[in-house]
Amino acid sequence: AESVTGKLNLVDLAGCERLKKSGAGDAESGVPDAGVRAKEAVIINKSLSTLGSVVMALARQDAGGGQHVPFRDSKLTRLLQDSLGGSSFTTLIATVHPREADSDETLSTVQFANRCRNVTTHPHVNYLDANPASQQKLIDKLLGEVADLKDQLAAAKQALAEG
């Protein structure tokens, strides 16, 4: 019997991580544990910055540039690697507020969402067959494929060495 596997990532990137605006960096702001919150905000900002870098690199990669994608630079991008650059259906919901005081955050949210539009994924269904005989057949097929590729690589190396 075949079974289909899936993964669902729900990530809320909302919130103001600007130290001045959130009051997290100001001990006089009345925010409890302001220093701890400031450190958290710095870590969150680093993750969001890395997420932006990953999205930009994926967009460039889709446009034909073979650029390194820095998934390992933060825990957030590492967790989202399959969703961002893999074979998944990915949806981004960008929520904004029309209040003038939030215009900076709204603009950066819309710009980020626009950059995300340039990233394309290639979704496909992952089937798992619970039958051990079918699994062994797949393993044998893949091992044969690896052997063929090794032979092709050896032949290409030999051709380069001779010519």
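Check the entry above for the structure.
What you are looking at is a predicted structure, and each value in this text was computed from that prediction instead of being measured. (Residues numbered from 1 in each chain as written. Predicted model: local features only at pLDDT ≥ 70, side-chain atom pairs only at ≥ 80, totals over all residues. Heavy atoms only, no water.)

1. Some details on the overall build of the protein chain
Rules: Numbered from the N terminus, helices here are DSSP runs of H or I no shorter than four residues, and strands are runs of E no shorter than two. The buried label applies to any residue whose accessible area, calculated with a 1.4 Å probe on protein chains only, is under 20% of its type's maximum; exposed applies above 50%, and partly exposed to all values in between. Throughout, a contact is declared for two residues whenever any of their heavy atoms are within 4.5 Å. We get accessible surface area from the Shrake-Rupley algorithm with a probe of 1.4 Å; when it comes to residues, only the shown protein chains can shield them.
When helices and strands are tallied, the protein chain shows 6 helices and 2 strands. Counting helices and strands in the order they occur from the N terminus, the protein chain gives β-α-α-α-α-α-β-α. Here the protein chain, with 163 residues, has 18% of them falling under the buried criterion. Sequence separation of at least 24 residues holds for 57% of the intrachain contacts in the protein chain that already meet a minimum separation of 6. Taken as a whole, the protein chain presents about 12500 Å² of accessible surface, with 56% of it coming from carbon and sulfur.

2. Here's the deal with the packing of helix α2 (residues 34-62) against helix α5 (residues 103-117)
Under the convention used in this document: Orientation is described by axes fitted as lines to C-alpha atoms, over the contacting stretch for helices, and by angles from 0 to 180 degrees between their N-to-C directions. By definition, turning the near helix anticlockwise from the far helix through less than a right angle yields a left-handed crossing, and turning it clockwise yields a right-handed one. Gly falls in the polar group here, along with every residue not listed as nonpolar (Ala, Val, Leu, Ile, Met, Phe, Trp, Tyr, Cys, Pro) or charged (Asp, Glu, Lys, Arg).
Between α2 and α5, whose axes approach to 8 Å, the crossing angle comes to 35°. The hand of the α2/α5 crossing is left-handed. Of the residues in α5, those touching α2 at L51, G52, V55 and M56 are F112, R115 and C116. Of the residues that constitute the contact of α2 with α5, the class distribution is 5 nonpolar, 1 polar and 1 charged.

3. Here's the deal with the pattern of salt bridges
A side chain with one charge may pair with a side chain of the opposite charge, provided their charged atoms come close. This is how it is decided: Salt-bridge detection follows one rule: a side-chain nitrogen of Lys or Arg within 4 Å of a carboxyl oxygen of Asp or Glu.
What the rule picks out here adds up to 2 salt bridges. With its nearest N and O atoms 2.8 Å apart, the salt bridge here joins D82 to K7. Of the two residues, D82 is situated in helix α4 (residues 81-85) and K7 in the loop between β1 (2-5) and α1 (19-22); the sequence distance between them amounts to 75 residues. Among the residues examined, D82 registers a relative accessible area of 41% and is labelled partly exposed. Taking relative accessible area as the criterion, K7 reaches 57% and is therefore assigned exposed. R99 is the partner of D102 in a salt bridge, and the nearest nitrogen-oxygen pair spans 3.0 Å.

4. Re α2
Residues three or four positions apart in an α-helix share a direction because the helix packs 3.6 residues into each turn. So the rule is basically this: To estimate the expected span of a helix, subtract one from its residue number and multiply by 1.5 Å.
Relative to the 42 Å expected for 29 residues at 1.5 Å per residue, α2 spans 42 Å between its end C-alpha atoms, a close match to the ideal helical length. Within α2, burial applies to A34, A38, A41, S47, T50, L51, G52, V54, V55, A57, L58 and A59. Following α2 by one or two positions, G64 has its phi on the positive side, about 110°.

5. Regarding the side chain of S47
Note that S47 resides in helix α2. With residues near it in sequence (within four places) discarded, S47 still touches S74 and L76.

6. Concerning the nonpolar core
Convention followed: Throughout, nonpolar core names a set of buried Ala, Val, Leu, Ile, Met, Phe, Trp, Tyr and Cys residues whose side chains join them through atoms within 4.5 Å.
Counting 13 residues, the largest nonpolar core has L51, V54, L58, V69, F71 and L84 as the members making the most contacts within it. With 6 residues, the top contributor of residues to this core is α2.

7. Focus on the side chain of T106
With respect to the element layout, T106 can be found in helix α5. Not counting the four nearest positions on each side in its chain, T106 is found in contact with V96 and H97.

8. Regarding the environment of L84
Among the structural elements, L84 can be located in helix α4. Taking the relative accessible area as the measure of exposure, L84 reaches 15% and is therefore buried. C-alpha separation for the pair L84 and V54, spaced 30 residues apart in sequence, amounts to 8.5 Å.

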